[in-house]
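What follows is the residue order along each chain.
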Amino acid sequence: MVFTPTTPEPNSAVAHETQTLSDFPVGETVIVQDIRLEGKLRSYIMRFGIVEGARVSVVRRVPLGALRVYRIGQSEIALRPETAKQIVATRNHQ
Amino acid sequence: MKVQFQDPSTDDRTSSPANTSGHFRRPIRTAAILGPPNSGKSTLFNRLTTLRQKVANYPGVTVEHRAGTLAGNPGQTITLIDLPGVYDLTAYSEDERVAAQVLRGEMPGVAIPDLVLVVVDVTNLERQLTILPDVLRTGLPALVVLNMADLLSKRGGSMDLVKLATQLGAPVALVSATDGRGVDAIANFLKGNRRAPGKSDLPILQEASACHNWARQVARDSDYRPPVPSKWTRRLDGVLLHALWGPLIFLLVAVLLFQAVFAIGQPLSNGLQNLLNHLGQVFFFWMRVGLVRSVLVDGVWRGLSSILVFLPQILVLFLFITVLEDSGYLSRAALMADRTMQRVGLNGKSFVPLLSAYACAVPAIMAARTIENRRDRLGTILIAPFMTCPARLPIYTLVIAAFVRERPLIGPLLGSQGAAMLGLYVIGFLAALFTAAILKCSILKSFPLPFILELPEYRWPTWRSIVIRSADRAWVFTKNAGSVILIVATVLALLANVPFVGGKRPGLQQSAIGQLGHLIEPAIQPLGFNWRVGIGLLTSVFAREVIVGTFGTLYGEDPASRNLSLQAALHTDLTPGAAAALLVFFAFALQCTSTLAVVKRETNSWKWPAVQFLYMAALAYLGAFVTNFVISRLWA
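Residues numbered from 1 in each chain as written. Chains lettered and ligands numbered in written order. Predicted model: local features only at pLDDT ≥ 70, side-chain atom pairs only at ≥ 80, totals over all residues.

**Student:** Quick question: what am I supposed to make of the overall build of chain B here?
**Tutor:** When you go through chain B residue by residue, the secondary structure sums to 28 helices and eleven strands. Principal-axis analysis of the C-alpha atoms places the extent of chain B at approximately 95 × 60 × 40 Å. Expressed as a percentage of its 636 residues, the buried residues of chain B come to 47%. If you take every contact in chain B between residues at least 6 apart in sequence, the share linking residues at least 24 apart comes to 75%. (Helix = DSSP H or I, 4+ residues; strand = E, 2+ residues; numbered from the N terminus. Buried ≥ 20, exposed ≤ 12 C-beta atoms within 10 Å, placed from the backbone. Contact = placed C-beta atoms within 7 Å.)

**Student:** Just to check I follow, could you spell out the overall build of chain A for this structure?
**Tutor:** Within chain A one finds three helices and five strands. The order of helices and strands in chain A, counted from the N terminus, is α-β-α-β-β-β-α-β. A buried classification covers 35% of the 94 residues belonging to chain A. For chain A, the proportion of contacts with a sequence separation of at least 24, taken over those separated by at least 6, is 57%.

**Student:** Would you explain the interface of chain A and chain B in this entry?
**Tutor:** When the parts of a complex come together, some accessible area is lost, and that lost area is often taken as the interface size. Facing the 29 residues of chain A at the interface are 30 residues of chain B. The set of elements that each furnish at least two residues to the side of chain A that touches chain B consists of helix H2 (39-46) and strand S4 (75-79) of chain A. If one sorts the elements of the side of chain A that touches chain B by residue count, H2 of chain A sits on top with six residues. Relative to strand S11 (residues 452-455) of chain B, S4 of chain A is paired through four bridges, and the arrangement is antiparallel. Along S11 of chain B, the bridge assignment pairs Glu-76 of chain A with Leu-455 of chain B. (Pairing = 2+ DSSP bridges.)

**Student:** I keep staring at the confidence of the model for chain B and nothing clicks. Help me out?
**Tutor:** One rule of thumb: low pLDDT means the predicted coordinates there are not for detailed reading. Residue and element names in this part refer to chain B. Residues of chain B with pLDDT of at least 70 account for 93%, and the chain-wide mean is 85. Mean pLDDT values over the elements of chain B span from 33, in helix H1 (residues 17-20), up to 96, in helix H26 (residues 576-588). The low-confidence segment residues 11-24 (pLDDT under 50) makes 18 contacts with residues lying over four places distant or belonging to another chain. Overall fold confidence (pTM) sits at 0.81, and the ipTM for the predicted complex is 0.82. (pLDDT = per-residue confidence, 0-100.)

**Student:** How do you make sense of the sheet that holds strand S6 (residues 115-121) of chain B when you look at a structure like this?
**Tutor:** Strand pairing in a sheet takes place through backbone hydrogen bonds and is either antiparallel or parallel in direction. Residue and element names in this part refer to chain B. Spatially, the eight strands line up as an open sheet ordered S1-S8-S7-S6-S2-S5-S4-S3, and their pairing is mixed. In the strand order of this sheet, the two ends are held by strand S1 (5-6) and strand S3 (53-57), each with one partner. Pairing of S1 with strand S8 (residues 172-174) involves two bridges; the strand directions are antiparallel. Looking across to S8, one finds that Phe-5 is bridged to Ala-173.

**Student:** Would you take a moment to explain unusual backbone geometry for this structure?
**Tutor:** Residues apart from glycine generally show negative phi values, whereas peptide bonds are mostly found in trans. Residue and element names in this part refer to chain B. Of note, the amide linkage connecting Val-498 to Pro-499 takes the cis form, showing an omega dihedral of -10 degrees. Summarising the element assignment, Pro-499 is placed in the loop between helix H20 (463-495) and helix H21 (512-519). With phi around 70 degrees, Met-148 is a residue other than glycine that occupies positive phi space. Within the secondary structure, Met-148 is located in the loop between strand S7 (142-147) and helix H6 (149-154).

**Student:** What should I look at first to understand the packing of helix H24 (residues 546-557) of chain B against helix H25 (residues 566-573) of chain B in this one?
**Tutor:** Two packed helices can be described by the angle between their axes and the distance between those axes. Residue and element names in this part refer to chain B. It is the contact of H24 with H25, at a shortest axis distance of 10 Å, that shows an interaxial angle of 75 degrees. Here H25 runs roughly perpendicular to H24, going by the angle between their axes. Between H24 and H25, the contacting residues are Phe-551, Gly-552 and Tyr-555 on the first element and Leu-566, Ala-569 and Leu-570 on the second. Within the contact of H24 with H25, the residues separate by chemical class into five nonpolar, one polar and no charged. (Axes fitted to C-alpha atoms, helices over the stretch in contact; angles between N-to-C directions. Parallel < 35°, antiparallel > 145°, perpendicular 65-115°, else oblique. Nonpolar A, V, L, I, M, F, W, Y, C, P; charged D, E, K, R; others polar.)

**Student:** How should the environment of Asp-121 of chain B be read in this particular structure?
**Tutor:** All names here are of chain B. With respect to the secondary-structure elements, Asp-121 resides in strand S6. Considering only alpha carbons, one finds Asp-121 and Gln-259, 138 residues apart in sequence, at a separation of 35 Å. What Asp-121 contacts, discounting residues up to four positions off in sequence, is Asn-38, Ser-39, Gly-40, Gln-128, Asn-147 and Met-148.

**Student:** What's the story with the environment of Cys-360 of chain B in this structure? I'm lost.
**Tutor:** All names here are of chain B. Its location among the elements puts Cys-360 in the loop between helix H15 (351-356) and helix H16 (361-367). Measuring from C-alpha to C-alpha, the distance between Cys-360 and Gly-328 comes to 24 Å, with 32 residues separating the pair along the chain. Apart from the residues lying within four places of it in its own chain, the contact partners of Cys-360 are Val-261, Gln-313 and Cys-389.

**Student:** Where do I start with the pairing of strand S2 (residues 30-34) of chain B in this structure?
**Tutor:** Looking along a regular strand, one sees side chains alternate from face to face of the sheet. Residue and element names in this part refer to chain B. When you tally the buried positions in S2, you get four out of five residues, the bulk of the element. Here S2 runs beside strand S5 (residues 77-82); their pairing, made up of four bridges, is parallel. What sits directly across from Thr-30, in S5, is Thr-79. Here S2 runs beside S6; their pairing, made up of four bridges, is parallel. Among the inter-strand pairings, Ile-33 is bridged to a residue of S6, identified as Leu-117.

As structure tokens, then:
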């Protein structure tokens, strides 16, 4: 997958809008706003329940690597950071 | 939960025009089982068809066609087809293409099923229901099997089956394939000459998010209350995926797995080999020494034995892998190994197969089945034979003992002979990395789907499943790889026994294979090899360890070396450059008919074993050439 390494953006309103799953700490629950992927990849990710409006919580970091485990509904899935970076999300204010 | 089975066609909706169209009365002959991965679909299949199964491959693809039979009413046999685990029928993967083709009746040689059993994990209903619109749209009658009922009730989940069946317009059954609860109801449903359910009037949902919304709505309207997440899973993950304990336990499991195949499987295989050799002597002792006996003993019997000796290793490895996979730990191990495997262009699921390849490539290649992604699975299969398996050790030990003088390198810890051996393990590993890098930018370059792994909850593996899966793999290997091995062994034995010289069988040197060894001498001279090594390379196409026996025969036949030990004979016959080149050749070459046969079986084509054999032979030739060249220069 092609992705450009992103450096942490400064805290600003703009940065807040483009926060992705990989930006939130373990324990946080967020709402998926957008999936920055097209076509096949987009619907592949959606199969795992990552759809706009879905509630996702960051469960834990996997040792020996950068993967993290997320909970969506009843299931837990692990994503590589380059995938998590394509999923735009905002903090759940409920 | 009281209701175990609910058929909407038995309520008064039956008369509605939307439902009657698809109704017909006829016995079910073929039913297909379909469901997402981890829905317990195969467990259910095994429950329904125990030991009455047939495994083959669908034409032209790596996907297994697994069918079993179920005794119905007198005179009725129901064939159950276990389709691969898929999330929907979008046809991203080979698995999904196959499932879709079977359901549409487009798969050559497979009858269109009369009914589809759609198996979903009821503890995760909202997610798993999304498979339904795709299946129901095919127009095939369906029975929705809600599996893992035991977990749902144990963890305080519940739902209204009547409401669900009514909404889906299809009958539903609540079962637990693990403990067998409710499975009889499915069997009876299949046996019964009852009306198969009709086409339902479900919306057409092409868009993934629409499909998810629909599933959420259906679950809500069926009063679905999801079970509370398993406390045990969370607690266990706290330890097994802990920053410190996680990797330590992972290491321990990896060592245990390797040790089990190496220290339990290997001695069992060796013991079995000795027993079979002995039996061979006993069976054929009464026959006159001659061509027929030679072909029978060295060909057919040796071929047969070499198939059987793999069974202990296959059984031990699959016993282990089934426990790891069914318990849920394999997914966690894959996560921890992912970073490392990603560097060589594969994913974490390749770790276990590649580790087991150090014990034997044959079960390892079969274990690559746990990798769903076809691209990564093929990559794993192609690099697995580079891992140093014990079949290489006889020639390694012989040559090292003959050419490397033992002296301590790091005190008593590592001597020069041990270092040479270690070096051979390292170059095998490096060749695997090199090959993975080549694959990554050539044949496996296709746009990869992101690696997303679903973590199943931890469960106790059942004996039933462990036994069925290990036996299944052993049988698949024996049946499919067996025929190839038997043919190659017989042909090699024949070639070693013809043409007759003066009415008598030829010595190995005069035989067809011996002459072939002489013939290829010019080709292998740049590697420093003479015709004896040539014959050794040819006979060991069957199995690497055979070369030591061949050397024994050849040096024994030669008056010049007859009285020398094999080590001494080799030492006088080969230059140090040639000896090192021979080691490198064996580190890289795919001298193993069993591996070729199992790759053919797992990829369902001769293309991949051929590519793999030629590539590894070329690499072995090149490596041996460079080694001989460099060492003979250094020595001179």
